[in-house]
Amino acid sequence: MTLLSPRHCTLCGPDAGKRVRFAPNFEAQDLNAAVFSARRMPDRRHFQLVCCEGCGIIYSDPACDPAALASLYQASSVNYDRQEEQIFDSYAPVLDRGLRRVAKRGLFLEIGGGTGFMLRYGAQHGFAEQLEIEPSADAELKFRPAGPAARFVRGMFDQTLFEQGPLRRSSVSLACFFQMLDHVPSPVELLRTVHEALEPGGIAVCVTHDTSAFSARVLGERSPIYDIEHTYLFNPANLSRLFAHAGFTEIESFAVANRYSLRYWAHLAPLPLGLKRSILPALERTGLARLPLRLNAGNFAIIARKPPTL
Ligand SMILES: [Zn+2]
């Protein structure tokens, strides 16, 4: 049985006011490894969600404690093979913008990227080494190196990586994390660790859901971003502040369009499960399911720099 514990805003701390945005809508048995598998069918279960009165970050409170979250992610399976190419195509243009700002092409690091298929971007763009750090054992089994200098390290992205050796401080030229920051127990701790891992002048590239996006505002609680897995949810303004708080400079944010097939858009759509189960086979029968479509689904990117040493 997983116990819930209180949370506070990752940016403003325990003293900031908060108000309830959405009441919880789940049962205790929802807290199993299946719920925490990447890219499963969204079903809009979530903890109580509160909004910080200081910065507008929306977060789960109370929620299961970090140790329980870590063990659930270790046991989670990775089941988005068919979407890998589409996810790659969606985030490569974001990495292109980060690439224009990197000074060196040493170590390319991705955090929480499942089977590590984005490492191909680092290999193709001349980074000397590529490293995936991800907690899922299933993802490690499915890891296919993008080249001779690509590695996978299984674990949570925290200080133990420096202490136990797989990652050196100030060694990373570009660190990227896509749809991951909203899953971690302490986003500010994660950003500080990214900052430590980066070499002076190194670049962080992040994509996450936008609580201020048109889709999130129109759908309200029906938006798929309000999900039991999403511990903290941001908008460009408060996430820029969080990056600054963690020591980053030259912070830019912009909206990100995803290029997915109609099949995957239908899978993600905030429709009742019954309706979805009848639409998906129809799309497959007519051949429409494979049609690629680039849409702004309410994600944004942040690119930021660790200050160069003077
Ligand atoms: Zn706050």
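Keep in mind that what you see is a predicted model, and the values were worked out from it rather than measured. (Residues numbered from 1 in each chain as written. Predicted model: local features only at pLDDT ≥ 70, side-chain atom pairs only at ≥ 80, totals over all residues. Heavy atoms only, no water.)

## Focus on the overall build of the protein
Here is step 1: For the protein, the count of helices and strands is 10 helices and 13 strands.
Here is step 2: Here the C-alpha radius of gyration of the protein, 19 Å, is about what a compact globule of 310 residues would show, namely 19 Å.
Here is step 3: Along the longest, intermediate and shortest principal axes, the C-alpha atoms of the protein span 55 × 50 × 35 Å.
Here is step 4: The long-range share in the protein, meaning contacts at least 24 apart out of those at least 6 apart in sequence, stands at 75%.
Here is step 5: Put simply, the protein shows about 13,400 Å² of open surface, and 55% of that area lies on carbon and sulfur atoms.
Here is step 6: Here the protein holds 34 positive side-chain charges and 31 negative ones, and the gap between their average locations is 6 Å. (Helix = DSSP H or I, 4+ residues; strand = E, 2+ residues; numbered from the N terminus. Rg over C-alpha atoms; globule rule 2.2 N^0.38 Å. Contact = heavy atoms within 4.5 Å. Areas by Shrake-Rupley, 256 points an atom, 1.4 Å probe, with all protein chains shown as cover. Lys, Arg positive; Asp, Glu negative; His and termini not counted. Charge placed at Lys NZ, Arg CZ, Asp CG, Glu CD.)

## Side note on the pattern of salt bridges
Here is step 1: Throughout the structure, instances matching the rule amount to 12 salt bridges.
Here is step 2: Linking Glu-140 and Arg-154 is a salt bridge whose minimum nitrogen-to-oxygen distance equals 2.8 Å. Pair noted here: Glu-140 is in helix α4 (residues 137–141) and Arg-154 is in strand β8 (residues 150–154), with a separation of 14 residues, a long-range link.
Here is step 3: Relative accessible area serves as the criterion here: at 33%, Glu-140 is assigned to the partly exposed category.
Here is step 4: Note that Glu-250 is salt-bridged to Arg-305, the shortest N-O span being 3.1 Å. Within this pair, whereas Glu-250 is found in strand β12 (residues 249–261), its partner Arg-305 is found in strand β13 (residues 292–305), the two being separated by 55 residues in sequence. (Salt bridge = Lys/Arg side-chain N within 4 Å of Asp/Glu carboxyl O. Buried < 20%, exposed > 50% of the residue type's maximum accessible area, 1.4 Å probe, protein only.)

## Considering the nonpolar core
Here is step 1: In this structure, Phe-157, Leu-167, Phe-177, Val-194 and Phe-243 are the most contacted members of the largest nonpolar core, which totals 41 residues.
Here is step 2: With five residues, the top contributor of residues to this core is helix α6 (residues 187–197).
Here is step 3: Here this core spans two domains, since at least three of its residues come from each of domain 1 (4–75) and domain 2 (81–305).
Here is step 4: Not counting residues up to four positions away in its chain, the partners in contact with Phe-177 are Ile-111, Leu-190, Leu-191, Val-194, Val-205, Cys-206, Val-207 and Phe-243.
Here is step 5: Counting 31 residues, the second-largest nonpolar core is a separate cluster that includes Tyr-91, Ala-139, Ala-150 and Val-207. (Core = buried A, V, L, I, M, F, W, Y, C linked by side-chain atoms within 4.5 Å. Domains from an automatic or database assignment.)

## With respect to the packing of α6 against helix α8 (residues 236–245)
In helix packing, the relevant descriptors are the interaxial angle and the interaxial distance, both defined with respect to the helix axes.
Here is step 1: Relative orientation of the contacting elements α6 and α8 amounts to 50 degrees, with a least axis distance of 9 Å. Judged on the interaxial angle alone, α8 and α6 are oblique. The two elements α6 and α8 meet at a crossing, and its hand is right-handed. Packed against α6, whose contacting residues are Pro-187, Val-188, Leu-191 and Arg-192, the element α8 presents Leu-242, Phe-243 and His-245 at the interface.
Here is step 2: Residues belonging to the contact of α6 with α8 are distributed by class as follows: five nonpolar, one polar and one charged. (Axes fitted to C-alpha atoms, helices over the stretch in contact; angles between N-to-C directions. Parallel < 35°, antiparallel > 145°, perpendicular 65-115°, else oblique. Left-handed = near helix turned anticlockwise from the far one by under 90°. Nonpolar A, V, L, I, M, F, W, Y, C, P; charged D, E, K, R; others polar.)

## Quick word on the coordination of the zinc ion
Here is step 1: Coordination of the zinc ion by the protein is provided by Cys-9 (SG), Cys-12 (SG), Cys-52 (SG) and Cys-55 (SG), with metal-donor distances spanning 2.3 Å.
Here is step 2: Each of the four donor atoms around the zinc ion contributes to a set of angles spanning 102 to 115 degrees, which defines the coordination as tetrahedral.
Here is step 3: The class of Cys-12 is partly exposed, set by a relative accessible area of 28%. (Donors = N, O, S within 2.8 Å, 3.2 Å for Na, K, Ca; no water. Tetrahedral: all angles 85-135°; square planar, octahedral: opposite > 155°, others 65-115°.)

## So, the domain arrangement of the protein
Here is step 1: Its domain assignment divides the protein into domain 1 (4–75) and domain 2 (81–305).
Here is step 2: Placing the centre of domain 1 and that of domain 2 at their C-alpha centroids yields a distance of 19 Å.
Here is step 3: Opposite the 35 residues of domain 1 that make contact, domain 2 presents 38 residues.
Here is step 4: Taking both partners together, domain 1 and domain 2 bury about 3,200 Å²; carbon and sulfur atoms supply 59% of that area.
Here is step 5: Counting the contacts that link domain 1 with domain 2 gives zero salt bridges.
Here is step 6: Seen at the junction of domain 1 and domain 2, the total is seven residue pairs in polar contact (both at pLDDT 80 or more).
Here is step 7: If you list the elements that add at least two residues to the side of domain 1 that touches domain 2, you get β2 (18–22), β4 (58–60) and α1 (66–75).
Here is step 8: With five residues, the single largest contributor to the side of domain 1 that touches domain 2 is α1.
Here is step 9: Among the residues making up the side of domain 1 that touches domain 2, the classes are represented as 20 nonpolar, nine polar and six charged. (Buried area = accessible area lost by both parts, 1.4 Å probe. Polar contact = N/O pair within 3.5 Å; in protein donor to acceptor, adjacent residues only side chain to side chain.)

## Regarding the sheet that holds β2
Here is step 1: An order of β2-β3-β4-β11 is seen for the four strands of this open sheet, with the pairing classed as antiparallel. Both edges of this open sheet fall to β2 and β11 (232–233), since each of them pairs with a single strand only.
Here is step 2: The pairing of β4 with β11 spans two bridges and is classified as antiparallel. For Tyr-59, the partnering residue across the bridge sits in β11 and is Tyr-232. (Pairing = 2+ DSSP bridges.)

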